[in-house]
Amino acid sequence: MYPARFRYEAPRTLEEAIELLHEGQGEAKVLAGGQSLVPLLKLRFAAPELLVDINNLTDLGYHRIEADGTIRVGALRRHGELERAADLSAAQPTMAAAAPLIADPVVRSRGTLVGSLCHADPQGDWAAVATALGGYVVAHGPKGRRQIPVTEFVTGPFQNTLAYDEVAVEAVMPPPTQGAVVHGGFLKLERRVGDFATAGAAISIELVGDRVARAGIALTGVGSRTLHAAEAEEALTGGVLDGRAIEHAADLAAGIAEPSSDHRGSADYKRHVVHTFVSRILTRIAQPGPGRPGEPERTAA
Amino acid sequence: MTSLFEEITETDEEVPVRRVTITVNGRKRTADIEPRLLLAHLLRQGLKLTGTHTGCDTTNCGACTVLFDGQPIKSCTMLAVQADGHEVTTVEGLASSEQLSPVQEGFKEEHGLQCGFCTPGMMVAATALLAENPDPTEDEVRFALSGNLCRCTGYQNIVKAVLWAARRTRGEA
C-alpha cells in the first residue's frame, strides 16, 4: 500500500516546523513516531498535502523528572525509552505499568507518548494515563507556547484541540501532593499483543497516611474518547481506601463507560471489565503484594 | 543509484523526488525516491534485499522488522526518506559471508521455522533482544517477540531457537 502523494519536509528547528505548518494552512501533518500516522496514510484515511517530519528536532527526545516530581516528556521520547527508564518506573507507577503494554515491542521502538496523545484514539493508552495524572500538553505555535489539559486536548475520536500551526512539543504530568506516596496502575484487556484495547483503566492514587489526597481514574476503549471518571475520583478523595470505597468507585467508573458491542465483546461485558479493573487496581494499592507485569506495585515517591 | 520512481508514477502531476543516502548492512546506498515510498519497499524492490518480508502491511505482523540505528522497527511503517543518514540492518546483514549469526544458527538447530515467512522479522527482533539482554528468560523472549506473528509454529521452537542463540552467544552452546 502506498500513501497518497505528499510534499515532505524534515526541518532542523522548531521554528521552521511551525512555519511549515503555518504555510500548510491546515493541510499539513506532523510526523513523529509515525506508528499511527503512517498506517493512516497507507490506508488513505489521511492524505495531507505536506508532511512535516520532526524527527530531526532531537532536542525533543527527553524525559525529565523535576525536583518537585513534575514529569516532562518531549515529543520525540519513544514508548520503549519510557518502558526502560528506571527513574520513571521508580517515580510513576501508572506510567510504568502502561509503558510495556503500549502496542507491541517493535512499535514501541518508534512510537511516541506525545504522538499517541495527539492521535487521540479512543482506544489509546497514554491519554487515559495522562488524564488520570491530571496531565497537560504543551503546544508551540507562531504566538508562543500554551498548556492544554489532556481532558480538553482530546475532544473526540482522533480529534485534538491543537491549532493547525502548533506542534505538541511536550506532555507534562504535574507533581504529586506534597508528602504523599504515589500509587497507581494500568490494566488493559487486549485479544492479543498489539490489538486495540477491549477495555482499559488507568489509576493514580496519592496517599497521605491512609487518606486519599488525590485520586485519578480514566478509562480507554469504552467510549468515543478517553473517559475521565471524575465522580469516582471525588468519591475516593479524602477517604480511606477500604473495600466499600473501592466497590463504590468501581461502580461509578463502570457507570460512565459507554462501550459499544462489537467483535471484542458486548457492552455489558466491557462495563464489567472496567469494574473489575478499577476494583483490582485499587485493591492492589490497598493491599500490596508481589506484582505482575501490568499490575501496580507499591512505589514511594 | 536506484530509482523507484517510475514504478509508482501514476499521473502527469509533478512528482517530488528526494535523494537519500542510507547505510544498509554496513554499505552506503544512495537512491532517488518519492517521499511516500516505504522503507520496506525500498529495501525489497530498490535494493533487492528481499529477505525483509511484507506480511500484513498494516503494522501488525512484524515480518518486515529491520534494525534502524540498532532498534527493531517495522519497515512497512516508516517512510524510506526518514532513513536518510541512518543505519539499517536487514536479515541479510546478520550473517557474514562465511558464518551464520548465533540467532540464525539457533533457528537451524532448534527448527525455529516452518514456512519461513515470519522468520526474517523474528531473527531481527531476537537479535535486538540479545544485544540488550544476553541472558533472557523464556518469558522475556516471548515478551520481546510479541510484536512478531507466526502462524505455523505456535512459537515453541522459535523461543527455543532464541534461547539456544543466547547460550551460544554466552559460550554455553
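Keep in mind the model is a prediction, meaning the values are calculated, not measured. (Residues numbered from 1 in each chain as written. Chains lettered and ligands numbered in written order. Predicted model: local features only at pLDDT ≥ 70, side-chain atom pairs only at ≥ 80, totals over all residues.)

**With respect to the overall build of chain B**
Here is step 1 of the chain: Regarding its fold elements, chain B presents five helices and six strands.
Here is step 2 of the chain: The order of helices and strands in chain B, counted from the N terminus, is β-β-β-α-β-β-β-α-α-α-α.
Here is step 3 of the chain: The proportion of buried residues among the 173 residues of chain B is 49%.
Here is step 4 of the chain: Put simply, 61% of the contacts in chain B that link residues at least 6 apart link residues at least 24 apart. (Helix = DSSP H or I, 4+ residues; strand = E, 2+ residues; numbered from the N terminus. Buried ≥ 20, exposed ≤ 12 C-beta atoms within 10 Å, placed from the backbone. Contact = placed C-beta atoms within 7 Å.)

**Points about the overall build of chain A**
Here is step 1 of the chain: If you tally the helices and strands in chain A, you get twelve helices and 14 strands.
Here is step 2 of the chain: For a compact globule of 301 residues, the expected C-alpha radius of gyration is about 19 Å, and chain A comes in at 19 Å, within 12% of that figure.
Here is step 3 of the chain: Along the three orthogonal principal directions, the C-alpha set of chain A runs to about 55 × 45 × 30 Å.
Here is step 4 of the chain: The 301 residues of chain A split such that 52% are buried. (Rg over C-alpha atoms; globule rule 2.2 N^0.38 Å.)

**Quick word on the domain arrangement of chain B**
All names here are of chain B.
Here is step 1 of the chain: As far as domains go, chain B holds domain 1 (2–93) and domain 2 (102–169).
Here is step 2 of the chain: Each side of the interface is counted separately: domain 1 has 15 residues, and domain 2 has eleven residues.
Here is step 3 of the chain: Listed by contribution, the elements that provide at least two residues to the side of domain 1 that touches domain 2 are β4 (65–68) and β5 (71–74).
Here is step 4 of the chain: When residues in the side of domain 1 that touches domain 2 are grouped by element, the largest group, three residues, is from β4.
Here is step 5 of the chain: Its residues assigned to classes, the side of domain 1 that touches domain 2 comprises seven nonpolar, eight polar and no charged. (Domains from an automatic or database assignment. Nonpolar A, V, L, I, M, F, W, Y, C, P; charged D, E, K, R; others polar.)

**So, the sheet that holds strand β12 (residues 199–208) of chain A**
Residue and element names in this part refer to chain A.
Here is step 1 of the chain: On the basis of which strands lie adjacent, the open sheet formed by four strands has the order β11-β12-β13-β14 and antiparallel pairing. Strands with a single pairing partner mark the edges of an open sheet, and in this sheet they are β11 (181–189) and β14 (227–228).
Here is step 2 of the chain: Against the sheet, helix α12 (residues 267–286) engages β11, β12 and β13 (211–220), with an angle of about 25° to β12. (Pairing = 2+ DSSP bridges. Axes fitted to C-alpha atoms, helices over the stretch in contact; angles between N-to-C directions.)

**Focus on the interface of chain B and chain A**
Here is step 1 of the chain: With 24 residues of chain B in contact, the opposing surface of chain A contributes 21 residues.
Here is step 2 of the chain: It is β5(B) that contributes the most residues to the side of chain B that touches chain A, four residues altogether.
Here is step 3 of the chain: When grouped by side-chain class, the residues that make up the side of chain B that touches chain A number ten nonpolar, ten polar and four charged.

**Concerning the packing of helix α3 (residues 119–132) of chain B against helix α5 (residues 156–169) of chain B**
Residues and elements named next belong to chain B.
Here is step 1 of the chain: One way to put it is that α3 packs onto α5 with a least axis distance of 11 Å and a crossing angle of 40°. As judged from the angle between their axes, α3 and α5 are oblique. Like other packed secondary-structure pairs, α3 and α5 cross with a definite hand, here right-handed. Here Met122, Ala126 and Leu130 of α3 lie close against α5, whose contacting residues are Ile158, Val162, Ala165, Ala166 and Thr169.
Here is step 2 of the chain: For the contact of α3 with α5, the class distribution of residues is seven nonpolar, one polar and no charged. (Parallel < 35°, antiparallel > 145°, perpendicular 65-115°, else oblique. Left-handed = near helix turned anticlockwise from the far one by under 90°.)

**Observations concerning the domain arrangement of chain A**
Here is step 1 of the chain: Examined at the domain level, chain A breaks down into domain 1 (7–53), domain 2 (58–173) and domain 3 (181–286).
Here is step 2 of the chain: Computed over C-alpha atoms, the centres of domain 1 of chain A and domain 3 of chain A are 35 Å apart.

**Some words on the nonpolar core**
Here is step 1 of the chain: Judged by nonpolar contacts, the single largest core of 143 residues is most densely connected at Leu117(A), Ala201(A), Ala253(A), Val274(A) and Val278(A).
Here is step 2 of the chain: Residues contacting Val278(A), with those up to four places away along its chain left out, are Ala201(A), Ile203(A), Ile217(A), Ala249(A), Ala250(A) and Ala253(A). (Core = buried A, V, L, I, M, F, W, Y, C linked by C-beta atoms within 7 Å.)

**A look at the pairing of strand β7 (residues 144–149) of chain A**
All names here are of chain A.
Here is step 1 of the chain: In terms of burial, β7 is a largely surface element, zero of the six residues being buried.
Here is step 2 of the chain: As judged from the six bridges shared by strand β6 (residues 136–141) and β7, these two strands associate in the antiparallel manner. Following the sheet pairing, Val137 is matched in β7 by Ile148.
Here is step 3 of the chain: Connecting β6 to the antiparallel partner β7 that follows it, the hairpin turn spans two residues.

**Observations concerning the packing of helix α11 (residues 243–256) of chain A against α12(A)**
Residue and element names in this part refer to chain A.
Here is step 1 of the chain: For the pair α11 and α12, interaxial distance at closest approach is 8 Å and the crossing angle is 150°. The hand of the α11/α12 crossing is right-handed. From α11, Ile246, Glu247, Ala249, Ala250, Ala253 and Ala254 reach across to α12, where they touch Arg271, Val274, His275, Val278, Ser279, Leu282, Thr283 and Ala286.
Here is step 2 of the chain: When the residues that make up the contact of α11 with α12 are grouped by side-chain class, the tally is nine nonpolar, three polar and two charged.

**Some remarks on helix α2 (residues 102–109) of chain B**
Residue and element names in this part refer to chain B.
Here is step 1 of the chain: Those residues of α2 not exposed but buried are Pro102, Val103, Gln104, Gly106 and Phe107.
Here is step 2 of the chain: If you follow the buried residues of α2, they end up packed against α3 and α5.
Here is step 3 of the chain: Following α2 by one or two positions, His111 adopts a phi angle in the positive range, close to 55°.

**Thoughts on the confidence of the model for chain B**
Here is step 1 of the chain: For chain B, per-residue confidence averages 93 on the pLDDT scale, and 93% of positions sit at 70 or higher.
Here is step 2 of the chain: Here the prediction assigns the complex a pTM of 0.93, and the interface score ipTM is 0.92. (pLDDT = per-residue confidence, 0-100.)

**A word on α3(B)**
Here is step 1 of the chain: Compared with an ideal rise of 1.5 Å per residue, which puts 14 residues at 20 Å, α3(B) spans 20 Å between its outermost C-alpha atoms and is within 8% of the ideal.
Here is step 2 of the chain: Counting buried positions over the 14 residues of α3(B) gives twelve, a clear majority of the element.
Here is step 3 of the chain: Within α3(B) the residues assigned to the buried category are Thr119(B), Pro120(B), Gly121(B), Met122(B), Met123(B), Val124(B), Ala125(B), Ala126(B), Thr127(B), Ala128(B), Leu129(B) and Leu130(B).
Here is step 4 of the chain: Buried residues along α3(B) sit in contact with α6 (105–108) of chain A together with β4, β5, α2, α4 (138–144) and α5 of chain B. (Expected span 1.5 Å × (residues − 1).)

**Overview of the sheet that holds strand β3 (residues 50–53) of chain A**
Residue and element names in this part refer to chain A.
Here is step 1 of the chain: One open sheet holds the three strands; their spatial order is β1-β3-β2, and the pairing between them is parallel. Unpaired on one side and paired on the other, β1 (7–9) and β2 (28–31) mark the two borders of the sheet. Averaged over all pairs of adjacent strands, the angle between their axes in this sheet comes to 20°, without regard to strand direction.
Here is step 2 of the chain: By the bridge criterion, four bridges tie β2 to β3 in an arrangement that is parallel. Paired with Leu31 across the two strands is Asp53, which belongs to β3.

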